[in-house]
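An overview of the molecular structure
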Amino acid sequence: MQSVDGLPDFPFTVEATDGGARAGLLETPHGTVRTPCFMPVGTKGTVKAILPERLRALGAQIVLANTYHLSLRPGSDAVRRLGGLHRFMQWDGPILTDSGGYQVFSLRDTARVDDGGVEFHSIYDGSKQLFTPERAMAEQAALGADFVMCFDQCPPGTANEAEVAEAVRRTTLWAERCKRAHQEREGTGTDGPQMLLGIVQGGVIPSLRSQSVEALLEIGFPGYAIGGLTVGEDRQAMLETTAFVTGLLPADRIRYFMGIGDPEGLLEVVGRGVDIFDCVLPTRTARMGTAFTPEGRLNLRNSAHALSNEPLEEGCPCTACSGFSRGAIRHFVMQKEILGLALLTEHNLTYLTRLMAAAREAIMEGRWDVFRSRVTAAW
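Residues numbered from 1 in each chain as written. Predicted model: local features only at pLDDT ≥ 70, side-chain atom pairs only at ≥ 80, totals over all residues. Heavy atoms only, no water.

Regarding the pairing of strand β9 (residues 95-98)
Covered by surrounding structure in β9 are I95 and T97 together with L96 and D98, the residues of both alternating faces. By the bridge criterion, two bridges tie β9 to strand β13 (residues 147-149) in an arrangement that is parallel. Each bridged residue has a counterpart across the sheet, and for T97 the counterpart in β13 is V148. (Buried < 20%, exposed > 50% of the residue type's maximum accessible area, 1.4 Å probe, protein only. Helix = DSSP H or I, 4+ residues; strand = E, 2+ residues; numbered from the N terminus. Pairing = 2+ DSSP bridges.)

So, the sheet that holds strand β7 (residues 41-42)
Here nine strands make up an open sheet; going across it, the order is β6-β19-β18-β17-β16-β13-β9-β8-β7 and the pairing parallel. Each end of this open sheet is capped by a strand with a single partner; those strands are β6 (37-39) and β7. Here strand β18 (residues 254-258) runs beside strand β19 (residues 276-278); their pairing, made up of three bridges, is parallel. If you follow F257 over to β19, its bridge partner there is F277. Of the strands in this sheet, β16 (195-200) and β17 (223-226) are in contact with helix α8 (residues 206-219), which crosses β16 at around 155°. (Contact = heavy atoms within 4.5 Å. Axes fitted to C-alpha atoms, helices over the stretch in contact; angles between N-to-C directions.)

Some words on the environment of L339
One can find L339 in helix α14 (residues 338-364). Along the chain, L339 and S106 lie 233 residues apart, while their C-alpha atoms are 31 Å from each other. Every residue in contact with L339, bar those within four places of it in the chain, is listed here: F324 and F332.

Notes on the packing of aromatic side chains
Counted according to the given criterion, the structure contains 12 aromatic pairs. Consider the rings of Y68 and F120, whose centres lie 5.4 Å apart with planes at 45°: the pair is tilted. Linking Y68 in helix α2 (residues 67-72) with F120 in strand β11 (residues 117-121), this pair joins segments that are 52 residues apart in sequence. Each member of the pair Y68 and F120 is classed as buried. Among the aromatic residues, those joined into a cluster by ring pairs are Y68, F120, F131, F151 and W174. The side chain of K179 reaches across the aromatic face of F221, ending 6.0 Å from its centre. (Phe/Tyr/Trp six-rings, centres within 6.5 Å; stacked < 30°, edge-to-face > 60°. Lys NZ or Arg CZ within 6 Å of the ring centre and 35° of its normal.)

A closer look at the side chain of H182
Looking at the element boundaries, H182 is found in helix α7 (residues 161-184). What H182 contacts, discounting residues up to four positions off in sequence, is L7, M137, V148, G187, Q194 and L196.

Considering helix α13 (residues 326-334)
Turning to α13, its buried residues are R326, G327, I329, R330, F332 and V333. On the buried face of α13, the contacting elements are β21 (296-299), α12 (319-323) and α14. Positive phi shows up at K336, right after α13, with a value of about 60°.

Observations concerning the state of the cysteines
Here a disulfide denotes one covalent bond, and it connects the sulfur atoms of two cysteines. For the coordinates displayed, the defined rule picks out zero disulfides. Here C178 is not disulfide-linked; the sulfur of C150 is the nearest cysteine sulfur, at 4.4 Å. (Disulfide = S-S within 2.5 Å.)

Quick notes on the nonpolar core
Within the largest apolar cluster, 69 residues are counted, with the highest numbers of intra-cluster contacts made by L55 and F277. Here this core gets eight residues from one element, more than from any other, and that element is α14. Excluding anything up to four places from it in sequence, F277 contacts P36, C37, F38, M39, Y256, F257, I260, L266, V269, V270 and M356. Formed by 20 residues, the second largest nonpolar core is a distinct cluster that contains L26, V33, L64 and L96. (Core = buried A, V, L, I, M, F, W, Y, C linked by side-chain atoms within 4.5 Å.)

Side note on the side chain of D152
Following the sequence through the fold, D152 ends up in the loop between β13 and α7. Of the side chains with opposite charge, R209 comes closest to the buried, unpaired D152, at an N-O distance of 8.4 Å. A polar atom in the side chain of D152 sits 2.7 Å from the side chain of Q201. Once residues lying within four places of it in the same chain are set aside, the contact partners of D152 are S99, G101, T171, W174, I199 and Q201. (Lys, Arg positive; Asp, Glu negative; His and termini not counted. Salt bridge = Lys/Arg side-chain N within 4 Å of Asp/Glu carboxyl O. Polar contact = N/O pair within 3.5 Å; in protein donor to acceptor, adjacent residues only side chain to side chain.)

Quick word on the environment of E264
Checked against the element boundaries, E264 lands in helix α10 (residues 263-270). A residue is classified by how much of its surface remains accessible, and E264, at 28% relative accessible area, is partly exposed. For the pair E264 and V375, spaced 111 residues apart in sequence, the C-alpha to C-alpha distance is 7.5 Å. When near neighbours in sequence (up to four residues on either side) are disregarded, E264 contacts R235, T376 and W379.

Okay, here's the thing in structure tokens:
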């Protein structure tokens, strides 16, 4: 294990590049992650509607949990007393926890934000809560994930330039405090060493993104995330901003795009130099009766599938495609049977995991553009 200012820095190696896309290896105390890699989201300590053993079987490498929710229910200290997040979730692979910054974004209409932190009322019992950079670090240390995130301010896509500039200033201030708090714990948590990632803000304004990157590089982090995108901005502007930011970040550091999960979007950001990403989209759409397929989204609520004996996707190894017809799965979905949600959840995560594995192979073999064009044409 390497270090940045004496703090944990899990080794990351870029094995191959093809245009902007890259394939790498990220070595962690809980296993090696092959990138590009999609991270399923386990907001409250579980990826909804799927057992940890099925996640492992379908090839998931790293999962994400939510600091905001877990700090309030059951409480980070409770998770620590129950053995830490790996034991709590029954997941022996790497885990990333976000800092709670996105929840601050979602609660912005009722929260009070200043340089000290964010004051809000708990969605569970209405109690007054104050989240600060120091609390975000303490909560994540107690949870014990492998990767922890700086506390940041995420402005909405509709924010004006002055508001985005203020978010960049505050995110930088909070990043310094997060790193200091992390250093005081010597970069360790309940389950061992934790790698801290800084978060780049700046909306879709190049000068502010440059300012944010420059400030974070000066502070110094072992990895960097691109935040403040997919929050209501124009899609093309999001992609242009992604390419702009990755062009400013160190080539030897992991790059994390926060909050993207549609197959086309994933390939677009991979092509712009991103390594890891997360989103609730594949599991949320599964619970709405939608499957990801090579031909695009498949709405199982459509009556056209009622008597279909076809699998969701030919050749897919997931439980749904291995033994169930579209007609059966549609019935489960329409009757609100839990099995239907579980089957679609496993399928969508299997689809994205296989897609990223195929993307990695295409990058390694120098045929990225052909691969990306073929997949995105269907979507």
